[in-house]
Amino acid sequence: LEFFIQAVVFNLNNKKIKIKNFGTFYKKWTPYRIGRNPKTLEEFKIPSKKRLLFTASNKVRQSLN
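Being a predicted model, the structure only gives us computed values, none of them experimental. (Residues numbered from 1 in each chain as written. Predicted model: local features only at pLDDT ≥ 70, side-chain atom pairs only at ≥ 80, totals over all residues. Heavy atoms only, no water.)

### Considering the overall build of the protein
Of the regular secondary structure elements, the protein holds two helices and five strands. The secondary structure elements of the protein, listed N-terminal to C-terminal, are α-β-β-β-β-β-α. What you see for the protein is a C-alpha radius of gyration of 17 Å, clearly larger than the 11 Å of a compact globule of 65 residues, by over 25%. The principal-axis extents of the C-alpha atoms in the protein amount to approximately 50 × 30 × 20 Å. Counting only residues that meet the buried cut, the protein has 15% of its 65 residues in that class. Intrachain contacts of the protein at a sequence separation of at least 6 include 36% that bridge at least 24 residues. Of the roughly 6100 Å² of accessible surface on the protein, 55% is carried by carbon and sulfur atoms. (Helix = DSSP H or I, 4+ residues; strand = E, 2+ residues; numbered from the N terminus. Rg over C-alpha atoms; globule rule 2.2 N^0.38 Å. Buried < 20%, exposed > 50% of the residue type's maximum accessible area, 1.4 Å probe, protein only. Contact = heavy atoms within 4.5 Å. Areas by Shrake-Rupley, 256 points an atom, 1.4 Å probe, with all protein chains shown as cover.)

### Describing the environment of F44
Within the secondary structure layout, F44 lies in strand β4 (residues 43-46). The exposure class of F44 is partly exposed, given its relative accessible area of 42%.

### Considering the environment of Y26
Inspection of the secondary structure assignment puts Y26 in strand β2 (residues 23-30). Look at Y26 and you get partly exposed, because its relative accessible area is 26%.

### Notes on the sheet that holds strand β5 (residues 49-56)
Ordered in space as β1-β2-β5, the three strands form an open sheet in which the pairing is antiparallel. Among the strands making up the open sheet, the edge pair consists of β1 (17-19) and β5. Going from strand to strand, the sheet's axes swing by 25° on average, the running direction of each strand aside. As judged from the eight bridges shared by β2 and β5, these two strands associate in the antiparallel manner. Within β5, the position partnered with W29 by the bridge is K50. (Pairing = 2+ DSSP bridges. Axes fitted to C-alpha atoms, helices over the stretch in contact; angles between N-to-C directions.)

As structure tokens, then:
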């Protein structure tokens, strides 16, 4: 499992990794945004970051429902 995760993370160079009948792994950048402490109302910047997302295939979705 760890080898698979490392392979997906390190080989994700702006490409989608599709596994037939399982799903797709892809990278998405989240923009920076302004956060706020609700207690003190102090504002601060939340930096942009990249996220690894997964979309399940239709067969996986149907088997789960």
